[in-house]
Amino acid sequence: MNKFLLAALISTSLVSAASAADMVPPMTPPSASDNGMGFYIGSLSSVNFLKHTNFDVAGLNVDTKYDTGYYTALRAGYNFGSYGFVAPRVELEVGYGSASVDQHRISGFGAISGIDSYGDADTIQGFVNGYLDIPLAPAGQTGVLSVFTPYIGGGIGAMNVKLRKQGIGGAGTLIDDDDTAFAYHLDAGVGINLQSVFSGSSLFEKTTLDVGYRYTAADSLNFTARDGSSSSTDFTTNAVTIGLRKQF
């Protein structure tokens, strides 16, 4: 009789354990979106402070100073999600920039400013960029630290620079030429999670506002002036950047 009672108890225990197991939801790994992974598209704009360029013409050197310029670009990339303390991402960027001549300084003659100096420096830029985001809070966590994410990075690519119709009053256009060279940029800034800032709006879901600094350079660009004189110059800018990224 005791054997039958023991068997019944064991059978009842097994059934209860199986029922409890059925009630526990299965564990699933975190999705890619929970880890911050995904493709994104965006834009970038900047206020540029272009350093002087120079060219030779008629045996003279012309050093050119520029007004504050601008740059605007489109970009598309992929965020690989969090890896410890960083979250890497890569992107492609294509943009256009311009700055107008403020002053030509001609060796032996001094500076020529105002309407007597004219022309522009126009650029078309293309880069492959890489960045490391540095989250201040774990993925999925809310609060002030989740709003701000510092980043560092840069890019390599090519830049076409055109010294467009640069000249002085009375002498006319001295140079109107372009060249393409290897270019690079270095960046640092902070990404602002607009979804956290505007939590009540679906418009800013997975949207980041980037604010930062960029140094851009293209070295040894070769130009030919209107009289046939050839010379080389570097192109460098310091810029304050602002951009948007929308992840999918």
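Before going into details, it helps to say that this report is about the structure given with it. (Residues numbered from 1 in each chain as written. Predicted model: local features only at pLDDT ≥ 70, side-chain atom pairs only at ≥ 80, totals over all residues. Heavy atoms only, no water.)

1. Details of empty space enclosed by the protein
Applicable threshold: Grid points spaced at 1 Å and placed over the protein atoms alone form the basis of the search, with a cavity being a set where a 1.4 Å probe fits but cannot get out and a pocket an open set showing protein on both sides within 12 Å along at least five of seven lines. Lining residues have an atom within 4 Å of a point. Grid points are joined across faces, edges and corners, and a volume is the space filled by probe spheres set on the points. Each helix corresponds to a stretch of at least 4 residues labelled H or I by DSSP, and each strand to a stretch of at least 2 residues labelled E; elements are numbered beginning at the N terminus. Three classes are used: nonpolar for Ala, Val, Leu, Ile, Met, Phe, Trp, Tyr, Cys and Pro, charged for Asp, Glu, Lys and Arg, and polar for all others, with Gly counted as polar.
Taken as a whole and assessed by the stated rule, the structure comprises two cavities of 30 Å³ or more. Lining the largest cavity are 17 residues, and of these Asn48, Tyr70, Gln125, Phe235 and Thr237 sit closest to its centre. Mapped onto the lining of the largest cavity, the elements with two or more residues apiece are β1 (37-50), β4 (69-80), β5 (87-106), β7 (117-133), β10 (207-224) and β11 (230-247). By residue class, the composition of the lining of the largest cavity is seven nonpolar, nine polar and one charged. The calculated volume of the second largest cavity comes to roughly 50 Å³. Taken together, the residues that form the lining of the second largest cavity break down as three nonpolar, no polar and five charged.

2. A word on the nonpolar core
One broad trend across soluble globular proteins is that nonpolar side chains are buried collectively. As a reminder, the rule being used: In this text, buried Ala, Val, Leu, Ile, Met, Phe, Trp, Tyr and Cys residues form a nonpolar core when linked through side-chain atoms within 4.5 Å. When a residue's accessible area, from a 1.4 Å probe over protein chains only, is under 20% of the maximum for its type it is buried; when over 50% it is exposed; and in between it is partly exposed. Residues count as neighbours in contact if any of their non-hydrogen atoms are within 4.5 Å of one another.
If you look at the biggest cluster of nonpolar residues, it comprises 26 residues, and the most contacted ones within it are Phe55, Tyr66, Val161, Leu163 and Leu221. When sequence neighbours within four positions are dropped, the list of residues in contact with Leu163 reads Thr53, Phe55, Tyr66, Asp120, Ala121, Ile175, Asp176, Asp177 and Phe223.

3. What to know about the pairing of β10
Regular strands have side chains that alternate between both faces of the sheet. Put simply, the rule reads: The criterion for strand pairing is that DSSP finds at least two bridges linking the strands in question.
In this sheet, β10 lies alongside strand β9 (residues 172-193) in antiparallel orientation, the contact comprising eleven bridges. Bridge pairing in β10 places Tyr184 opposite Ala217. Of the strand pairs in this sheet, β10 and β11 are connected by 16 bridges, and their pairing is antiparallel. Across the sheet, residue Phe223 finds its bridge partner in β11, namely Ser231. Adjacent in sequence and paired antiparallel, β10 and β11 are bridged by five residues, among which Gly228 carries a positive phi angle near 95°.

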